[in-house]
Amino acid sequence: MVQVAGVFYSFIKSFYRALPVFIVFGFWELITLLNLVSTALLPRFSSVIIKIIELLYSGILLQNISVSLYRAFSGLAIGILVGVILGFSMATKRHVERFFYPIITITFPIPKVALVPLIIVWLGVTDQAAIFIVFLGTLLPIIVNTYYGVLSVDKRLLWSALSLGTPPNNLFRKIIVPASLPYILNGIKIALPTAFIVVISAEFVASRAGVGYLISGYGALGLYDYMFAVILVFIILCFIVDRIVAILSKRLLKWHGG
Amino acid sequence: MVLDGTLLEHTIITLYRAFSGFALSVLVGVPIGISMILSRISNWFFDPIVALLLPVPPLTLIPIFILWFGIGHEAKIMLVFISCVAVIIASTYEGARNVDPLFIWSARIMGTPKKKMLWKIIMPASMPYIFNGMQVALPISIIVTFVFEMVSGGSGLGFLESYAARFFEAPQLFSALLAVAVIGLMLDKSISKVRSKILKWY
């Protein structure tokens, strides 16, 4: 009984916290219901919800979302793999650092999205083009964070491990990797929204599938309630992914104090 | 392209849009962030909205903004505003929340009135965080403007680039790309210069 009350209480609490969002949605419904804003400009919230259910039922939405997620996550995965390796080698090998450091400082401020038309000219309107741009966009934050993470490993940790007789081969696996993990995760946290942004804009510019294609396609056809439905679903999806990453990194870094 | 002035013209248009949206977001975002500290209702209202808005790629909203504001300046400025304002609010709030309570206590002991507290203690103490937010938001403003121009056309560097890509005019494409890179680099450098000037005491 007590447990049920506790669940109920926490439900009420989270509802109270999310209430402003519902207020905004209610306001949206109200102004369109009262015809204060033309439904041609802003479709009714309830009709958007109906369209979301319709799109989910027909499977169009899930199919396109999975295409976009596939592109975003494969690009991100390659970016993490290459970025972490490069970051580690930059921090430990002088030559690598001397070669890559200036390249990174010059390319860091370029908006990677600006490369979309160029890459599409090179690779065509393909999955590979989108994945490659995501890779480029996520690579730099991960390299930079890994690099600084390894550089900022507390020297005392290394010294004490050495003096306690840790073999130098184990030093990397046992000390450097865990100690720089918070920085690497931070880099991934920065890279994840970047991956979404890059995928969406690549699909806006040229694509035959994906969320960005769906949104701009519905917009071009004038089916604005469908367009709003897709955008709303995507916003919720981004929010959920953001939360999952936050929870995961909290779990992984329990020893680090969050 | 540099000589006949087209590049410069489009660069100025892009910068104008990015900066107006950015300035608007700072003007609105900082007061909201501060108000979230001062008033509980404001905190209750804005906290979940900012949390929802923050992880959203603003570029998904491009079609909506085309629908509402057309493809002129207003649409781009408004989208830049929306995409920067959540970052600014979040960092201002973070800064105002992390003001060292020692400052506030000692100011209170010395009899600082409440109104002055805001300007003399809370604002300067949260300035580093606000600058962090601005440093994050400034590249976002450029990127958003650029992509919007790429998608919707209507002058600006993004338009120049996508137009060139459509006709396989490689030199024009690369010059637009290079211009964005240079703008990004210069903005990055100049904001950290301004930061170190203003935050000398920090």
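Our structure's up above, just so we're on the same page.
Residues numbered from 1 in each chain as written. Chains lettered and ligands numbered in written order. Predicted model: local features only at pLDDT ≥ 70, side-chain atom pairs only at ≥ 80, totals over all residues. Heavy atoms only, no water.

1. So, the overall build of chain A
Along the backbone of chain A there are ten helices and zero strands. Reading the secondary structure of chain A in the N-to-C direction produces α-α-α-α-α-α-α-α-α-α. For 258 residues, the compact-globule estimate of 2.2 N^0.38 gives 18 Å, and chain A exceeds it by more than 25% at 23 Å. By the burial criterion, 43% of the 258 residues in chain A qualify as buried. Within chain A, residue pairs in contact and separated by at least 24 positions form 71% of the contacts whose partners lie at least 6 positions apart. If you sum the accessible surface of chain A, you get close to 14,300 Å²; carbon and sulfur atoms cover 71% of it. Averaging the positions of the 19 positive and the 8 negative side-chain charges in chain A gives two centres separated by 15 Å. (Helix = DSSP H or I, 4+ residues; strand = E, 2+ residues; numbered from the N terminus. Rg over C-alpha atoms; globule rule 2.2 N^0.38 Å. Buried < 20%, exposed > 50% of the residue type's maximum accessible area, 1.4 Å probe, protein only. Contact = heavy atoms within 4.5 Å. Areas by Shrake-Rupley, 256 points an atom, 1.4 Å probe, with all protein chains shown as cover. Lys, Arg positive; Asp, Glu negative; His and termini not counted. Charge placed at Lys NZ, Arg CZ, Asp CG, Glu CD.)

2. Things to note about the overall build of chain B
Scanning chain B from terminus to terminus reveals eight helices and zero strands. Put simply, chain B runs from its N terminus to its C terminus through helices and strands in the order α-α-α-α-α-α-α-α. Looking at chain B residue by residue over its 202 residues, the buried ones come to 49%. In chain B, the share of contacts with a sequence separation of at least 24, taken over all contacts with a separation of at least 6, comes to 75%.

3. Quick word on a positive patch on the surface
Taken together, B:Lys189, B:Lys193, B:Lys197 and B:Lys200 make up a surface patch of like positive charges. Looking at where B:Lys197 falls in the secondary structure, it is placed in helix α8 (residues 170–198). (Patch = residues over 30% accessible without salt bridge, like charges linked within 9 Å, V, L, I, M, F, W, Y side chains within 5 Å. Salt bridge = Lys/Arg side-chain N within 4 Å of Asp/Glu carboxyl O.)

4. Concerning helix α3 (residues 62–69) of chain B
The periodicity of an α-helix, 3.6 residues per turn, causes residues three or four places apart in sequence to face the same way. Those residues of α3(B) not exposed but buried are B:Ile62, B:Pro63, B:Ile64, B:Phe65 and B:Leu67. Packed against the buried residues of α3(B) are α8 (168–205), α9 (211–221) and α10 (224–252) of chain A together with α4 (73–97) and α6 (114–152) of chain B.

5. Side note on the interface of chain B and chain A
Of the residues lining the interface, 34 residues belong to chain B; the matching set on chain A comes to 40 residues. Carbon and sulfur atoms make up 87% of the area that chain B and chain A hide from each other, which totals about 3,300 Å². Here chain B and chain A share zero salt bridges between them. Along the contact surface separating chain B from chain A lie zero residue pairs in polar contact (both at pLDDT 80 or more). (Buried area = accessible area lost by both parts, 1.4 Å probe. Polar contact = N/O pair within 3.5 Å; in protein donor to acceptor, adjacent residues only side chain to side chain.)

6. Notes on the state of the cysteines
Applying the stated criterion across every chain, the model contains zero disulfides over all chains. No disulfide involves A:Cys238; its sulfur sits 17 Å from that of B:Cys84, the nearest cysteine. Residue classification places A:Cys238 among the buried positions, given a relative accessible area of 2%. Accessibility expressed as a relative area gives 0% for B:Cys84, which makes it buried. (Disulfide = S-S within 2.5 Å.)

7. Structural notes on the packing of aromatic side chains
All names here are of chain A. In this structure the tally under the stated criterion is 16 aromatic pairs over all chains. Ring plane angle 85° and centroid distance 5.0 Å describe the contact between Phe99 and Phe100, whose orientation is recorded as edge-to-face. Accessibility expressed as a relative area gives 53% for Phe99, which makes it exposed. Assessed through its relative accessible area of 26%, Phe100 is described here as partly exposed. Centre to centre, the rings of Tyr218 and Tyr226 are 5.2 Å apart; their planes meet at 20°, and the pair counts as stacked. Residues Tyr218 and Tyr226 agree in their burial class; the two are buried. (Phe/Tyr/Trp six-rings, centres within 6.5 Å; stacked < 30°, edge-to-face > 60°.)

8. Concerning the pattern of salt bridges
Residue and element names in this part refer to chain A. Across all of its chains, the model carries six salt bridges over all chains by this definition. Between Asp225 and Lys51 there is a salt bridge; the shortest N-O distance is 3.7 Å. Taken together, the residues span a long stretch of sequence, with Asp225 in helix α10 and Lys51 in helix α2 (residues 45–58) at a distance of 174 residues. Salt bridges sharing common partners tie together Arg71, Asp127 and Glu203.

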